[in-house]
Amino acid sequence: KEITLSLGGVSLFYNDKIKFQINNNSIAFNCLGDYILWENYSVEIEKVLKIIISTNIIKSFKRVGVRYISEYKKIDLKDSINFNFSFGFPDVVSNSYSFSSEFDLQNFKVVLNLNNNIPIVVEENITPTSVIDIDVIKMNLNINTFDHLYQIINDAHTLEKQVFFKLIREDFLAKLDPKY
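Residues numbered from 1 in each chain as written. Predicted model: local features only at pLDDT ≥ 70, side-chain atom pairs only at ≥ 80, totals over all residues. Heavy atoms only, no water.

We now examine unusual backbone geometry. Even without being glycine, asparagine 56 reaches a positive phi, approximately 60 degrees. Relative to the helices and strands, asparagine 56 is located in the loop between α1 (38-54) and β4 (64-73). Here asparagine 56 falls in the exposed class, since its relative accessible area comes to 54%. (Helix = DSSP H or I, 4+ residues; strand = E, 2+ residues; numbered from the N terminus. Buried < 20%, exposed > 50% of the residue type's maximum accessible area, 1.4 Å probe, protein only.)

Right, let's talk about the packing of aromatic side chains for a bit. The geometry of an aromatic ring pair is captured by the separation of the ring centres together with the interplanar angle, meaning the angle of the planes. According to the stated counting rule, one finds 10 aromatic pairs in the structure shown. Taken together, the aromatic side chains of Tyr35, Trp38 and Tyr41 make up a single cluster linked through ring pairs. (Phe/Tyr/Trp six-rings, centres within 6.5 Å; stacked < 30°, edge-to-face > 60°.)

Right, let's talk about the side chain of asparagine 117 for a bit. In this structure, asparagine 117 sits in strand β6 (residues 108-122). Here asparagine 95 takes part through its backbone oxygen, which lies 3.4 Å from a polar atom of the side chain of asparagine 117. Sequence-distant contacts of asparagine 117, defined by excluding residues within four places in its chain, comprise Ile75, Asp76, Asn95, Ser96, Pro128, Thr129 and Ser130. (Polar contact = N/O pair within 3.5 Å; in protein donor to acceptor, adjacent residues only side chain to side chain. Contact = heavy atoms within 4.5 Å.)

Formed by 40 residues in total, the largest nonpolar core has its most connected members in Phe29, Ile81, Leu114, Ile132 and Ile134. Elements with a minimum of two residues in this core: β2 (18-23), α1, β4, β6, β7 (125-138), α2 (146-167) and α3 (170-176). For this core, the element with the highest residue contribution is α2, accounting for 10 residues. (Core = buried A, V, L, I, M, F, W, Y, C linked by side-chain atoms within 4.5 Å.)

Let us look at the pairing of strand β5 (residues 97-105). As paired elements, β5 and β6 share nine bridges and run antiparallel to each other. Considered in β6, the bridge of phenylalanine 103 is made with valine 110. (Pairing = 2+ DSSP bridges.)

The subject of this paragraph is the sheet that holds β7. Strand order in the open sheet formed by four strands is β4-β7-β6-β5, with antiparallel pairing between adjacent strands. At either margin of the open sheet sits one strand with a lone partner, and together these are β4 and β5. Pairwise comparison of adjacent strand axes, ignoring direction, gives a mean angle of 15 degrees for this sheet. The pairing of β6 with β7 spans 12 bridges and is antiparallel. What sits directly across from valine 111, in β7, is aspartate 135. Sheet contacts for α2: β4, β5, β6 and β7; angle to β4, the most-contacted strand, approximately 30 degrees. (Axes fitted to C-alpha atoms, helices over the stretch in contact; angles between N-to-C directions.)

On to the packing of α1 against α2. At a closest axis distance of 11 Å, the pairing of α1 and α2 adopts a crossing angle of 150 degrees. On the basis of the axis angle, α1 is roughly antiparallel to α2. Here α1 and α2 pass one another in a crossing that is right-handed. Only Phe146, Leu149, Tyr150, Ile153, Asn154 and His157 of α2 make contact with α1, whose side of the interface consists of Trp38, Ser42, Val43, Glu46, Leu49, Lys50 and Ile53. Looking at side-chain class alone, the contact of α1 with α2 contains eight nonpolar, three polar and two charged residues. (Parallel < 35°, antiparallel > 145°, perpendicular 65-115°, else oblique. Left-handed = near helix turned anticlockwise from the far one by under 90°. Nonpolar A, V, L, I, M, F, W, Y, C, P; charged D, E, K, R; others polar.)

Here it is as structure tokens:
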């Protein structure tokens, strides 16, 4: 499909699998439904970025981030990930929690957010939902070529996968039946 660009931070539909949005100093890509696997998703991102770069409107990219957010309904993270949440009351077991951590890894900043059994209301039903949110960021850049930009995006995606797979327990991963 053709891409129609407009101004004003409007979500711009790209195709039936992804959308992209241009805001002040950012371009965001999102899957519209199920994740379409990186080999497919990255091709769509590449197409859009090549078109945008070809306009010569953007002079450089200062920050690159790749973010993965996944929701798990009725899944308790304490049974699913390599993470233990405890505090000054060792006998207290948290039914739900939110945890956030920022750390540097392989020249990227990683922002990890874990939300366990947070009550989500959908159509008047409350469903405990857990969320794993991994954001891999490289800042203070001055990228002006597509190849350099695309390499950083791919490196960020690789690191994001490493963080995810080190976080997930093997038995939970088997239940997810991931496709690569």
